[in-house]
Amino acid sequence: MFLGCVSCCIIYVGFLVLLIFSWSLISCTGVSNEIQHDFVIQLQRKEERSRMQKKIQANQKQELQEKAKRKWDEIAPCVMEPNESCIRQVRQYVAQFEYAVVQSHSEENIDSIQSVRIVVPYVAEAKSWLAEHDSLWLREKQIHSRYNMKRIQSDVFVMGCQPGDTRCNEDEFPPHVVMLSRDFYLGTTEVTQDLYEYITGKNPSRFRNCGASCPVENISFFDVVEFLNMLSDQESLPRCYLGTEKDIRFVGMDCTGYRLPSEAEWEYAARTTESFLFAGGNEPDELAWHKGNSQERTHPVGQKQPNKFGLYDMSGNVLEWCTDWYWEYTEDNQTDPVRTEQTESKVGRGGSWFEDAMQSRTSERYYEDPKFRYDLLGFRIAQTILE
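Numbering of residues starts from 1 in every chain and runs along the sequence as written. Confidence filtering applies because this is a predicted model: local features only for residues at pLDDT of at least 70, side-chain atom pairs given and counted only at 80 or more, and all residues used for totals across whole chains, interfaces and linings. Only hydrogens and water are removed before side-chain values are computed, so all heavy atoms of the structure are retained for them.

Details of the nonpolar core
Of all hydrophobic cores here, the largest spans 33 residues; its most connected members are Val191, Phe227, Leu228, Tyr241, Phe379 and Ile381. We count a stretch as a helix when DSSP gives it H or I for four or more residues in a row; a strand needs E for two or more, and each element gets its number in order from the N terminus. Looking at which element gives the most residues to this core, the answer is helix 6 (residues 221-234), with seven residues. Setting aside residues up to four positions removed in sequence, leucine 228 forms contacts with Tyr241, Tyr258, Arg259, Leu260, Phe379 and Ile381. Residue types Ala, Val, Leu, Ile, Met, Phe, Trp, Tyr and Cys, when buried and joined through side-chain atoms within 4.5 Å, form a set referred to as a nonpolar core. Whether a residue is buried, partly exposed or exposed follows from its accessible area with a 1.4 Å probe, protein chains only, as a fraction of its type maximum: under 20%, in between, or over 50%, in that order. Listed in part, the 20 residues of the second largest apolar core include Val178, Trp266, Ala269 and Leu311. Whether two residues are in contact is decided by their heavy atoms: any pair within 4.5 Å suffices.

Now the structure itself:
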């Protein structure tokens with residue numbers, strides 16, 4: 001009798017367990033289906049928003065281009081007989097449409113507004129006409145009117161670890177003699193958010209709240225090349241970089257368009273004819289924004305003391321891209337060296353707000369993936385002077 005009761009109890013308990021398991025399975029399946037259904041709905045909504053944004057942008061682009069065409073048709077007759085009135089009209093046309101953008105909500109964040117640059121018909125024709133008939137406009141368009149650049153005299157210097165510097169890394173050896181045979185222009189400051197947005201129509205910086213006069217950052221080497229080629233195109237100068245991201249080719253040091261400094265140019269411009277640890281002296285707090293004084297962010301350019309050549313922030317604030325691919329030094333004497341043989345990394349120089357002060361020394365070297373975008377990576381503009 002006892003065994004019979006036990007058997008009944010076991011069967012009963014087993015039935016209950018099976019019932020509970022079945023109910024749980026059904027419930028989980030239901031929840032899973034609900035989650036899957038919600039995911040599909042969200043995906044459909046995202047795709048619908050994307051289609052709507054593209055449609056809005058396409059409509060805005062068409063309206064903008066039609067407006068530009070009507071405006072050009074109005075002023076086109078006067079370009080056959082250049083006069084002050086016509087020059088003024090063409091100037092206004094270029095000013096209105098050269099950096100035209102359309103705006104819409106971001107696909108990822110409906111609360112975020114994104115700008116998309118639009119190429120407007122006839123702007124290139126109008127600019128070519130102005131370049132021929134309005135020399136003042138051409139001078140005004142030059143980047144030198146918006147971005148101060150210093151002329152750096154050609155010279156001979158010792159590149160790499162300096163005598164008495166006990167903090168050098170292996171890749172700063174061996175010290176070697178370098179001759180720079182050409183004068184060149186170099187920006188007195190890093191390129192600002194304001195200038196970058198003026199040229200490209202966008203500001204990728206993480207520290208946007210820092211302000212328009214803070215260095216642009218969060219940009220890859222390829223982003224910088226695009227910016228520099230746009231500058232060269234704007235002034236009808238030759239492009240110094242050709243090809244696409246997978247096959248970017250530096251034209252060479254004789255290129256008179258806008259470019260990044262070579263690593264050798266950067267180090268000489270930072271050190272000048274002196275042998276300080278940092279660009280301008282041996283006291284980093286006076287010269288650089290670094291980990292110890294930056295409050296973990298960038299700062300407006302030009303606030304620290306400049307070096308002997310009048311260049312600011314060559315130490316600290318943001319790390320600066322150079323043209324060179326990263327290679328180890330050799331002890332040979334070199335003239336106008338620039339490493340064009342492709343490796344995995346591009347050279348960065350100068351340290352940043354993120355690194356310790358000693359990593360802002362003028363001989364300190366960095367190597368960075370050219371595709372990467374960091375909030376500590378920026379740049380300054382260089383240009384060869386041929387006379």
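Describing the confidence of the model for the protein
With 85% of its residues at a pLDDT of 70 or more, the protein has an overall mean of 85. Note on residues 15-19: pLDDT under 50 across the span, and zero contacts to partners over four residues away in sequence or across chains. pLDDT runs from 0 to 100 and stands for how confident the predictor is about each residue. Contacts from residues 108-113, a stretch scored under 50 in pLDDT, to residues over four places away or in other chains number 10 contacts.

Some thoughts on helix 3 (residues 123-133)
All of the buried residues along helix 3 are Val123, Ala126, Lys127, Trp129 and Leu130. Looking straight down helix 3, one finds that the buried residues subtend no more than 160° of arc, so they occupy a single side. Opposite the buried face of helix 3, at more than 90 degrees from it, the exposed residues are Ala124, Ser128 and Glu132. Of all possible arcs, the one meant is that of the directions from the helix axis to the C-beta atoms.

A short note on the state of the cysteines
The term disulfide refers to a covalent linkage connecting the sulfur atoms of a pair of cysteines. Two cysteine sulfurs form what is called a disulfide whenever their separation falls within 2.5 Å. Tallied over the entire structure, the rule returns four disulfides. Between the sulfur atoms of cysteine 78 and its disulfide partner cysteine 86 the distance amounts to 2.1 Å. The disulfide joining cysteine 78 to cysteine 86 has a torsion of about 70° about its S-S bond and is therefore right-handed. In terms of burial, cysteine 78 and cysteine 86 fall into one category: buried. Across the disulfide from cysteine 161 sits cysteine 168; the S-S distance is 2.0 Å.

Topic: helix 7 (residues 263-271)
Most of helix 7 is tucked away, with nine of its nine residues classed as buried. Of the residues making up helix 7, those classed as buried are Glu263, Ala264, Glu265, Trp266, Glu267, Tyr268, Ala269, Ala270 and Arg271. Where helix 7 ends, the next residue or the one after it, threonine 272, has phi of about 60°, a positive value.

Digging into the packing of helix 2 (residues 84-97) against helix 3
Fitted lines through C-alpha atoms serve as axes, helices being fitted only where they are in contact, and the angles separating the N-to-C directions of these axes extend from 0 to 180 degrees. Closest axis-to-axis distance for the helix 2/helix 3 pair is 10 Å, and the angle between their directions is 140°. One way to sum up the angle between helix 2 and helix 3 is to call them oblique. Judged by the twist between their axes, the crossing of helix 2 over helix 3 is left-handed. In contact with Cys86, Ile87, Val90, Arg91, Tyr93, Val94 and Phe97 of helix 2, helix 3 contributes Val123, Ala126, Lys127, Trp129, Leu130 and His133. Residues are sorted three ways: Asp, Glu, Lys and Arg are charged, Ala, Val, Leu, Ile, Met, Phe, Trp, Tyr, Cys and Pro are nonpolar, and all the rest, Gly among them, are polar. Of the residues contributing to the contact of helix 2 with helix 3, the split by class is 10 nonpolar, one polar and two charged. When an angle is under 35 degrees it counts as roughly parallel; over 145 it counts as roughly antiparallel; between 65 and 115 it counts as roughly perpendicular; any other value is oblique. Each crossing gets its handedness from the near helix: less than a right angle anticlockwise from the far helix is left-handed, clockwise is right-handed.

A word on unusual backbone geometry
At the junction of phenylalanine 173 and proline 174, the peptide bond is cis and its omega measures out at -10° in the coordinates. Position of proline 174 among the secondary structure elements: in the loop between strand 4 (155-159) and strand 5 (176-180). Non-glycine residue glutamine 295 carries a positive phi angle of around 55°. With respect to the secondary-structure elements, glutamine 295 resides in the loop between helix 8 (284-287) and strand 10 (319-325). Within the chain, glutamate 296 stands out as a residue other than glycine whose phi angle is a positive 60°. Note on placement: glutamate 296 falls in the loop between helix 8 and strand 10. On the accessibility criterion, glutamate 296 (64% relative accessible area) is exposed.

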